[in-house]
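Here is what each chain is made of, one letter per residue.
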Amino acid sequence: MLAPELRDAIIKSVEEGFADQIDYLRKLVSFPSVRGNEYTIQDFTYRELRKRGYVMDRFAMDQAAIEAHPGGSPWSEEHTRAPIVVGIHYPREEKGRSLILQAHLDVVPTGPTSMWQHDPFAGEIVGDWMYGRGAADMKAGASANVFALDALRRIGLQPAATVYVQSVVEEESTGNGALMTHLRGYKADAVLIPEPEDNKLVRANTGVIWFQVEVQGTPVHVREMGEGANAIDAAYRVIAELRKLEEEWNKKKSEVRYFENEAHPINLNIGKIEGGDWASSVPCWCRIDCRVAIFPGENAADKSAEIKERIEAFARKDPYLSNNPPKVIFNGFHTEGYVLEPGSEAEAVLGEAHKAVFDAPLESFVTAGYLDNRVYALYDKIPSLCYGPVSKNIHGFDECVSIESVKKITTAMALFIAEWCGTEPLVE
């Protein structure tokens with residue numbers, strides 16, 4: 001446990017640097033770092049870490065290595081080729097426990113900006129909230145990774161163990177960015193990823209599968225509609241069958257630890273639909289983009305096969321699709337969930353740090369979304385902590401993050417780093 005004098009000095013140091021942290025976060029938000037457009041924000045991150053004296057590594061995704069790994073997701077034409085950035089702190093003497101601090105800087109599209117009340121890339125502050133796409137998910141966490149370490153530097157200290165500050169992409173699409181750091185060989189005694197988690201620790205999360213279904217129709221003039229086959233109507237029939245599969249999967253929640261009391265942990269989302277060429281022509285094509293969750297412990301390959309087999313079985317019974325079977329394409333997330341088993345020393349240390357800042361015990365919960373933590377939990381077998389600030393509207397309009405929460409999370413992280421890694425005098 002940290003000495004009270006050191007704890008108080010770290011808390012004060014985070015406060016002293018917080019105005020700079022908010023400026024840094026606003027700068028991150030200003031980058032429209034949607035998929036394929038993350039190069040400049042990764043360059044910015046590289047420069048910021050390098051000027052702090054970290055040993056730098058910047059590397060490309062290795063498509064072949066990712067595709068060969070069981071945790072790799074399919075590589076599509078939309079897959080970004082923006083680099084991964086890692087800043088490495090080496091101590092004078094390795095006395096403490098090593099740590100990975102990770103954040104992703106890719107963000108989802110904004111949707112119509114006319115439906116935002118605040119500019120999605122301005123980082124506007126109203127009261128306790130900073131608005132912007134990615135402000136919460138998860139550029140606030142990226143700022144916390146950097147400024148928690150800065151807080152130690154400000155009082156003349158640095159971690160007495162190796163720390164990797166990792167900035168990845170493809171978190172919103174495949175999870176391949178985090179997997180690439182694993183394939184690069186980065187490994188530590190624990191990982192902390194400050195996703196927006198309402199000041200709580202994630203106990204378990206689902207895996208995620210992305211897939212497309214392509215349906216062909218028979219085009220005719222709408223006046224002879226009965227002689228054609230509407231691909232969009234056929235796609236809706238496939239969706240109805242997928243909803244039945246979703247319901248069946250949710251019924252299994254009573255068998256899955258930590259998910260027994262979740263209302264609806266397996267969510268199927270029809271995230272995109274397009275098809276047809278002309279309002280007065282029966283559409284001859286339709287494609288739907290889908291996302292569905294799977295429970296921890298379930299194999300992504302097995303569940304993908306189940307999806308494909310279910311669609312094929314349905315098509316065989318459909319009068320039209322039996323002769324025109326849909327095509328199923330797996331085009332993104334192909335990832336498994338994980339459970340953070342209670343009792344690790346890393347969780348205990350984080351719990352102490354949280355209590356020192358929030359004056360309350362650290363709560364945990366489960367989440368039905370993808371987290372990069374799965375890479376470290378499943379493949380490195382290390383404590384994989386996901387813990388971060390309060391947010392609203394992530395992936396929606398007017399996404400925002402609580403500024404006070406960011407400050408407290410950064411403070412708890414700085415205390416955690418000091419205890420987990422130990423400290424030594426700063427080397428200038």
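One can find the structure itself at the top, above this paragraph.
For the structure given in this document, a descriptive report is provided here.

Focus on the sheet that holds strand β18 (residues 391-392)
Pairing in this open sheet of 4 strands is antiparallel, and the strands run β4-β5-β19-β18 from one edge to the other. The open sheet has two edge strands with one neighbour each: β4 (125-126) and β18. Looking at chain direction, β18 and strand β19 (residues 400-402) are connected through 2 bridges and run antiparallel. Bridging across to β19, Ser391 finds its partner in Val401. Here helix α1 (residues 4-30) sits on the sheet in contact with β4, β5 (129-131) and β19, set at roughly 25 degrees to β5. Across the sheet, helix α4 (residues 135-154) touches β5, β18 and β19, and the angle it forms with β19 is around 45 degrees.

A short note on the side chain of Asp106
Here Asp106 lies in the loop between β3 (99-104) and β4. Buried within the structure, Asp106 lacks any salt-bridge partner; Arg35 is the closest side chain of opposite charge, at an N-O distance of 7.0 Å. Among residues more than four places away in sequence, those in contact with Asp106 are Ser33, Glu38, Asp137, Val168, Val169, Glu170, Glu171 and Glu172.

A closer look at the nonpolar core
In this structure, Leu99, Phe416 and Ile417 are the most contacted members of the largest nonpolar core, which totals 79 residues. For this core, the element with the highest residue contribution is helix α10 (residues 403-421), accounting for 10 residues. Beyond its immediate sequence surroundings of up to four residues, Ile417 is in contact with Leu99, Leu101, Ala148, Leu149, Leu152, Pro159 and Gly422. Core analysis: the second largest hydrophobic core is formed by 34 residues, Phe211, Ala231, Trp249 and Tyr320 among them.

Remarks on unusual backbone geometry
In this structure, the amide linkage connecting Asp137 to the following residue, Met138, adopts the cis form with an omega of -10 degrees. Tracing the sequence through the fold places Met138 in helix α4. At Glu170, a position not held by glycine, the phi torsion is positive, near 70 degrees. By the secondary structure assignment, Glu170 is in the loop between β7 (163-168) and α5 (176-184).

Points about the packing of α4 against α10
Relative to each other, α4 and α10 sit at 50 degrees, their axes nearing to 8 Å. One way to sum up the angle between α4 and α10 is to call them oblique. For the element pair α4 and α10, the recorded crossing hand is right-handed. Residues Ala140, Ser143, Ala144, Asn145, Phe147, Ala148, Leu149, Ala151 and Leu152 of α4 pack against Val406, Thr410, Met413, Ala414, Ile417 and Ala418 of α10.

Regarding the sheet that holds strand β15 (residues 338-339)
With mixed pairing, the 3 strands of this open sheet are ordered in space as β15-β9-β16. Of all strands in the sheet, those bounded by a partner on one side alone are β15 and β16 (364-367). With 4 bridges connecting them, strand β9 (residues 201-205) and β16 associate as parallel partners. In the strand pairing of β16, Leu201 is matched with Ser364.

Describing the pattern of salt bridges
Scanning all chains against the criterion turns up 24 salt bridges. Put simply, Glu399 and Arg133 hold a salt bridge, and the shortest N to O gap is 2.8 Å. Residue Glu399 is found in the loop between β18 and β19, and its partner Arg133 is found in the loop between β5 and α4; the two are separated by 266 residues along the sequence. The class of Arg133 is buried, set by a relative accessible area of 1%. Between Glu341 and Arg257 there is a salt bridge; the shortest N-O distance is 2.6 Å. Here the residue Glu341 occupies a position in the loop between β15 and α8 (345-358), and Arg257 occupies one in the loop between α6 (231-250) and β11 (268-275), the gap between them amounting to 84 residues. For Glu341, a relative accessible area of 41% puts it in the partly exposed group. Connected through shared salt-bridge partners, Glu48, Lys51, Arg52 and Asp150 make up one network.

Reading the values: rules and limits
- Residues numbered from 1 in each chain as written.
- Predicted model: local features only at pLDDT ≥ 70, side-chain atom pairs only at ≥ 80, totals over all residues.
- Heavy atoms only, no water.
- Pairing = 2+ DSSP bridges.
- Helix = DSSP H or I, 4+ residues; strand = E, 2+ residues; numbered from the N terminus.
- Contact = heavy atoms within 4.5 Å.
- Axes fitted to C-alpha atoms, helices over the stretch in contact; angles between N-to-C directions.
- Buried < 20%, exposed > 50% of the residue type's maximum accessible area, 1.4 Å probe, protein only.
- Lys, Arg positive; Asp, Glu negative; His and termini not counted.
- Salt bridge = Lys/Arg side-chain N within 4 Å of Asp/Glu carboxyl O.
- Core = buried A, V, L, I, M, F, W, Y, C linked by side-chain atoms within 4.5 Å.
- Parallel < 35°, antiparallel > 145°, perpendicular 65-115°, else oblique.
- Left-handed = near helix turned anticlockwise from the far one by under 90°.

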